[in-house]
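Structural description and commentary
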2 protein chains.
Amino acid sequence: MAAKILIVEDEPAISEMIEVALVRANFEVIKAEDAEEAMRLLGDTQPALVLLDWMLPGASGMEFARRIKKEELTSHIPIIMLTAKGGESDKINGLDAGADDYITKPFSPRELIARIKAVLRRTSPQVADETIEVDGLVLDTASHRIMVNDESLELGPTEYRLLHFFMTHPERVYSRSQLLDRVWGSNVYVEERTVDVHIRRLRKALTPSGHERYVQTVRSAGYRFSTRV
Amino acid sequence: MAAKILIVEDEPAISEMIEVALVRANFEVIKAEDAEEAMRLLGDTQPALVLLDWMLPGASGMEFARRIKKEELTSHIPIIMLTAKGGESDKINGLDAGADDYITKPFSPRELIARIKAVLRRTSPQVADETIEVDGLVLDTASHRIMVNDESLELGPTEYRLLHFFMTHPERVYSRSQLLDRVWGSNVYVEERTVDVHIRRLRKALTPSGHERYVQTVRSAGYRFSTRV
DNA sequence: CCGCCATGTCATATGGCTGTAACAATTGTT
DNA sequence: AACAATTGTTACAGCCATATGACATGGCGG
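Note that the structure is predicted; figures quoted are calculated from it, not measured.

Each α-helix turn comprises 3.6 residues. Residues three or four places apart therefore point the same way. All names here are of chain B. The terminal C-alpha atoms of helix α1 (residues 12–24), which comprises 13 residues, lie 18 Å apart, in line with the 18 Å expected from a rise of 1.5 Å per residue. Within α1, burial applies to Ile14, Ser15, Met17, Ile18, Glu19, Val20, Ala21, Leu22 and Val23. Trailing α1 by a residue or two, Asn26 shows a phi angle of about 65 degrees, which is positive.

What follows is the structure in structure tokens.
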């Protein structure tokens with residue numbers, strides 16, 4: 001299996017208990033004690049799933065889940081919430097910001113593993129698609145690389161993310177602010193015009209192979225990635 | 001989908017939670033924190049639906065709903081009320097004020113999306129759908145594009161909006177001033193005759209495929225989009 | 001510590017879009 | 001038929017959105 005699981009839990013006792021259970025089930029475990037540390041580890045380690053304690057010091061679990069789900073970079077990562085049982089659960093239902101499942105404490109390791117596997121099974125089909133191809137333009141998420149006619153194409157990180165977003169969401173217009181939310185991340189403040197510049201850089205990189213024609217401007221609406229020209 | 005939803009909610013946490021859910025469902029989100037701001041945004045942005053918190057600072061949600069439904073320009077916009085859980089009386093009051101549906105907190109994102117789609121389907125079947133088709137003329141709101149016989153058709157922004165409005169409101173006459181309100185937006189001042197010019201431009205674009213015959217002049221009344229010629 | 005790379009912002013260029021006015025054409029009325 | 005009212009059509013000037021190149025900054029590795 002070797003799938004990485006990120007545990008976000010401030011209580012060491014619980015976190016360790018979970019770790020033992022997961023290691024026995026052959027998962028790889030990464031631990032964070034608060035939302036900030038978790039956020040940092042998210043980008044670095046690209047876990048397959050996040051186990052998130054509802055009660056965290058500082059930013060709440062909900063806040064953290066919201067951040068994960070809002071950003072294109074991490075929104076595909078499933079979240080399982082760990083909640084204390086009680087009247088709180090109502091609130092969770094209402095304020096759920098995108099958790100894929102919940103487990104109320106106390107829970108058995110067996111149940112935890114079962115839930116994790118269930119969620120991974122449910123979401124894995126998306127993860128399985130490691131490469132996307134459009135007319136000779138190949139984006140390989142595994143190697144984090146773009147190929148055109150067996151030639152590797154150099155892209156800056158932002159342009160890579162932009163192209164990745166476009167290729168996974170083709171035939172659809174996105175406004176500059178939508179692109180900022182989904183490619184840059186929601187809690188970033190940048191000028192909308194910045195999108196133009198990165199579109200330009202992306203087009204420049206795609207021009208030698210002629211693929212820049214797929215990156216289309218939709219005046220007064222935004223940009224679109226479309227194979228129809 | 002690309003339909004715009006106006007959220008009127010003073011509590012940032014809730015409003016943001018809703019935003020995340022809607023963005024994930026590919027809606028475009030506009031937010032207002034009070035009735036006044038909402039009223040201003042209503043005219044400018046012409047949202048497809050309003051999500052309205054029952055409890056608002058200042059003017060109550062109910063009063064705001066009344067205002068929306070009272071004015072010619074906005075009365076067609078459906079409203080979904082967000083209410084703290086309560087008795088039947090709230091429901092009755094809400095529906096009485098003109099709400100098309102209501103949801104009691106706490107609610108799940110899934111339920112919210114489902115209700116929104118249901119209301120949109122009910123009130124304007126065409127908005128909820130990704131594409132509208134009339135006799136080979138296809139308007140795809142997701143990609144913001146017009147297709148005729150697999151050929152993409154070039155339209156300026158205003159002509160696109162005009163055609164979109166017509167295709168979602170066929171078989172009915174609209175005066176120039178109504179068109180200005182609904183297509184241009186309420187607080188813009190332009191000459192009524194400007195409509196003629198854009199009608200002309202739209203017809204010109206539709207002529208090669210013969211679809212210009214659907215854009216019909218109704219003398220001394222306005223224009224109509226009709227499939228009956 | 002230096003230099004390179006990535007990024008975001010600004011200034012400017014460019015081209016398309018828009019509204020308006022003027023004139024032509026059509027329709028309706030007497 | 002003459003006239004009035006309404007609509008069609010075209011040209012154009014200003015404006016606005018986008019494209020593009022240049023630059024300052026800051027991070028990171030050497």
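And the narrative resumes.
Taken together, the contacts link 25 residues of chain B with 26 residues of chain A. Here chain B meets chain A over a buried area of about 2,100 Å², counting both sides, of which 48% is carbon and sulfur. Interface area lost by chain B to chain A is led by Val20, Arg24 and Arg145 of chain B, which between them contribute 25%. Across the contact surface, chain B and chain A share two salt bridges. Of the charged contacts in the structure, one is a salt bridge between Arg228 of chain A and Asp150 of chain B, with a shortest N-O distance of 3.8 Å. The tally of links from chain B across to chain A stands at seven residue pairs in polar contact (both at pLDDT 80 or more). Of all elements in the fold, only α1 and β8 (145–148) of chain B reach the threshold of two or more residues within the side of chain B that touches chain A.

All right, on to the protein's contact with DNA strand C then. Taken together, 22 residues form the shell around DNA strand C, and within it Thr158 and Thr194 of chain A together with Thr158, His198 and Arg201 of chain B come nearest. Considering DNA strand C, the proportion of its atoms within 4 Å of the protein that are sugar or phosphate atoms stands at 67%. For DNA strand C, a phosphate oxygen lies 2.8 Å from a polar atom in the side chain of Thr194 of chain B. Interatomic distance of 3.2 Å between a side-chain N/O atom of Arg219 of chain B and a base oxygen of DNA strand C. Residue assignment for the surface near DNA strand C shows that the elements contributing at least two residues are α6 (157–168) and α8 (193–206) of chain A together with α7 (157–168) and α9 (193–206) of chain B.

All right, on to the sheet that holds strand β10 (residues 173–174) of chain B then. Within a sheet, each strand pairs with its neighbour through backbone hydrogen bonds, oriented either parallel or antiparallel. Residues and elements named next belong to chain B. Judged by pairing direction, the sheet is antiparallel, and its three strands sit side by side in the order β10-β12-β11 without closing on themselves. The sheet is open, and its two edges are formed by β10 and β11 (215–218), each paired on a single side. Note that β10 and strand β12 (residues 222–225) share two bridges and pair antiparallel. Bridged to Tyr174 within β12 is Tyr223. Strand contacts of α9: β11 and β12, with the helix running at about 145 degrees to β11, the strand carrying the most contacts.

Okay, unusual backbone geometry next. Although it is not a glycine, His144 of chain A sits at a positive phi angle of roughly 60 degrees. In this structure, His144 of chain A sits in the loop between β7 (137–140) and β8 (145–148). In this structure His144 of chain A comes out as exposed when scored by relative accessible area, which is 53%. Unlike most non-glycine residues, Asn26 of chain B shows phi in positive territory, near 65 degrees. Among the secondary structure elements, Asn26 of chain B is positioned in the loop between α1 and β2 (28–32).

The subject of this paragraph is the packing of helix α7 (residues 176–184) of chain A against α8 of chain A. All names here are of chain A. At a closest axis distance of 9 Å, the pairing of α7 and α8 adopts a crossing angle of 70 degrees. Judged by the inter-axis angle, α7 sits roughly perpendicular to α8. Where α7 approaches α8, its residues Arg176, Leu179, Leu180 and Trp184 are matched on the opposing element by Arg193, Thr194, Val195, Asp196 and His198. Partitioning the contact of α7 with α8 into residue classes produces four nonpolar, two polar and three charged.

Let's shift gears to the protein's contact with DNA strand D. DNA strand D sits among 25 residues. The nearest are Arg200 and Thr217 of chain A together with Arg200, Thr217 and Tyr223 of chain B. Sugar and phosphate atoms form 68% of the subset of DNA strand D atoms that lie within 4 Å of the protein. Arg193 of chain A is positioned with one of its side-chain polar atoms (N or O) 3.1 Å from a phosphate oxygen of DNA strand D. A distance of 3.0 Å separates a phosphate oxygen of DNA strand D from a polar atom in the backbone of Ser220 of chain A. Counting residues per element, the ones that place at least two in the surface near DNA strand D are α8 of chain A together with α9 and β11 of chain B. At seven residues, the largest contribution of residues to the surface near DNA strand D is made by α9 of chain B. Partitioned by chemical class, the residues of the surface near DNA strand D number five nonpolar, four polar and 16 charged.

Residue and element names in this part refer to chain A. In terms of domains, chain A is made up of domain 1 (4–128) and domain 2 (131–225). Taken together, the contact pairs five residues of domain 1 with eleven residues of domain 2. Together, the buried faces of domain 1 and domain 2 total about 650 Å²; carbon and sulfur atoms form 49% of this surface. Our count for the contact surface shared by domain 1 and domain 2 stands at zero salt bridges. Counting across the domain 1 and domain 2 interface gives zero residue pairs in polar contact (both at pLDDT 80 or more). Counted by class, the side of domain 1 that touches domain 2 contains one nonpolar, no polar and four charged residues.

Looking now at the packing of aromatic side chains. All names here are of chain A. One pass over the structure, following the stated rule, counts eight aromatic pairs over all chains. Taken together, a centroid distance of 6.2 Å and an interplanar angle of 20 degrees make the contact between Phe166 and Phe225 stacked. One end of the pair, Phe166, is in helix α6; the other, Phe225, is in strand β12 (residues 222–225), with 59 residues separating them in the sequence. Phe225 carries the same exposure label as Phe166, and that label is buried.

Cut-offs used in this document
Residues numbered from 1 in each chain as written. Chains lettered and ligands numbered in written order. Predicted model: local features only at pLDDT ≥ 70, side-chain atom pairs only at ≥ 80, totals over all residues. Heavy atoms only, no water. Helix = DSSP H or I, 4+ residues; strand = E, 2+ residues; numbered from the N terminus. Expected span 1.5 Å × (residues − 1). Buried < 20%, exposed > 50% of the residue type's maximum accessible area, 1.4 Å probe, protein only. Contact = heavy atoms within 4.5 Å. Buried area = accessible area lost by both parts, 1.4 Å probe. Salt bridge = Lys/Arg side-chain N within 4 Å of Asp/Glu carboxyl O. Polar contact = N/O pair within 3.5 Å; in protein donor to acceptor, adjacent residues only side chain to side chain. Near = heavy atom within 4 Å. Pairing = 2+ DSSP bridges. Axes fitted to C-alpha atoms, helices over the stretch in contact; angles between N-to-C directions. Parallel < 35°, antiparallel > 145°, perpendicular 65-115°, else oblique. Nonpolar A, V, L, I, M, F, W, Y, C, P; charged D, E, K, R; others polar. Domains from an automatic or database assignment. Phe/Tyr/Trp six-rings, centres within 6.5 Å; stacked < 30°, edge-to-face > 60°.

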